[in-house]
Amino acid sequence: MKKIIIAIDGFSSCGKSTLAKAMAKELDYVYVDTGAMYRAVTLYFLRKNINIDDKEQIQSALSDINISFENLNGINTTFLNDENVEHEIRGMEVSEFVSPVATISAVRKELVKQQRLLGIGKGVVMDGRDIGTVVYPNAGLKLFITADTEIRAKRRLDELMAKGMKADFQSIKKNLKERDRIDSSREDSPLRQAPDAILIDNSELNEKKQLELALAYAHERIVYITKEENRPIS
Ligand code: DC
């Protein structure tokens, strides 16, 4: 069967990464968390006190950043210049600063370039905000995920508490809304549902049902694309 690119976009904390990871596991595809890449850049900028209005500082910082992923005991783990930053990039400090950093065109240009390289010749499930619109406009399957804000904030709170991180419901909800606003209204690659993306509202769907639904779409597309590629030229 042909290996395809699966693009999963949507609002913050809609469970995109949970779905993307589960799909990648089922299909034996590579999973790429592009939000983690923006978070790693943000962490670097915070640590180095980079002025995000200074183009030269940004460009020079970007050339010093190397982001990689490794599977550690079954957990997709983000490395920033060979340091495991998986825990730190999920904290509130990075969450509050990441959307403004993701509006910077130089940052987007560099990360989109890396994201395209990660997908060459492979079956990939990639989640983010601009995967189906900018990074892979020709993806074999595009999903756009949404859910009710209250439900999303509650899920995020549970997730952070399970990791032993400090969080409260109201500030999480405020942060989600603010990130959605900035992500959807930025000039460069705003968060949009691609015209050919399938919309999934998972407010009332559990993880298992959502995975079944998404895998059914994926299998349909894989079969279709494989048939198209193997069709004799007449
Ligand atoms: O998916 P996430 O919440 O970890 O993403 C963190 C931020 O990164 C999000 O607020 C917007 C930005 N982002 C983006 O602009 N483009 C992507 N492809 C992925 C994330």
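Attention in this report is confined to the structure presented alongside it. The shown structure was predicted, so the numbers you read here are calculated from the model rather than taken from an experiment.

1. Topic: the nonpolar core
Core analysis: the largest hydrophobic core is formed by 34 residues, its most contacted members being Val41, Phe45 and Val107. Of all the secondary-structure elements, those providing two or more residues to this core are strand S1 (5–10), helix H2 (34–47), helix H3 (55–63), helix H4 (92–102), helix H5 (105–118), strand S6 (124–128) and helix H6 (131–135). With eight residues, H2 is the single largest residue contributor to this core. Those residues in contact with Val41 that sit more than four places away from it in its chain are Leu62, Ile65, Ile67, Val101, Val107 and Leu111. If you look at the next biggest cluster of nonpolar residues, it comprises 23 residues, including Cys14, Tyr31, Val125 and Leu215.

2. Quick notes on the site of the ligand
In the vicinity of the ligand there are 15 residues, among which Arg39, Arg108, Asp130, Arg179 and Arg186 approach most closely. Here an oxygen atom of the ligand and a side-chain polar atom of Ser99 are 3.0 Å apart. For the ligand, an oxygen atom lies 2.8 Å from a polar atom in the side chain of Arg179. With the chains in place, 95% of the 440 Å² that the ligand exposes on its own is no longer accessible. Top element by residues in the shell around the ligand is H2. It accounts for four residues. In terms of residue class, the shell around the ligand is built from four nonpolar, four polar and seven charged.

3. Some points on the environment of Lys55
Following the sequence through the fold, Lys55 ends up in helix H3. The spatial distance from the C-alpha of Lys55 to the C-alpha of Gly10 is 28 Å, given a sequence separation of 45 residues.

4. Side note on the sheet that holds strand S8 (residues 198–201)
Pairing within the open sheet is parallel, and its five strands lie in the order S2-S6-S1-S7-S8. Both outer strands of the open sheet, strand S2 (30–33) and S8, are each paired with one neighbouring strand and no more. For this sheet, the mean angle separating the axes of adjacent strands, direction not counted, is 20°. Here S1 runs beside strand S7 (residues 141–146); their pairing, made up of five bridges, is parallel. Across the sheet, the residue bridging to Asp9 is Phe144, located in S7.

What counts, and at which threshold
- Residues numbered from 1 in each chain as written.
- Predicted model: local features only at pLDDT ≥ 70, side-chain atom pairs only at ≥ 80, totals over all residues.
- Heavy atoms only, no water.
- Core = buried A, V, L, I, M, F, W, Y, C linked by side-chain atoms within 4.5 Å.
- Buried < 20%, exposed > 50% of the residue type's maximum accessible area, 1.4 Å probe, protein only.
- Helix = DSSP H or I, 4+ residues; strand = E, 2+ residues; numbered from the N terminus.
- Contact = heavy atoms within 4.5 Å.
- Near = heavy atom within 4 Å.
- Polar contact = N/O pair within 3.5 Å; in protein donor to acceptor, adjacent residues only side chain to side chain.
- Areas by Shrake-Rupley, 256 points an atom, 1.4 Å probe, with all protein chains shown as cover.
- Nonpolar A, V, L, I, M, F, W, Y, C, P; charged D, E, K, R; others polar.
- Pairing = 2+ DSSP bridges.
- Axes fitted to C-alpha atoms, helices over the stretch in contact; angles between N-to-C directions.

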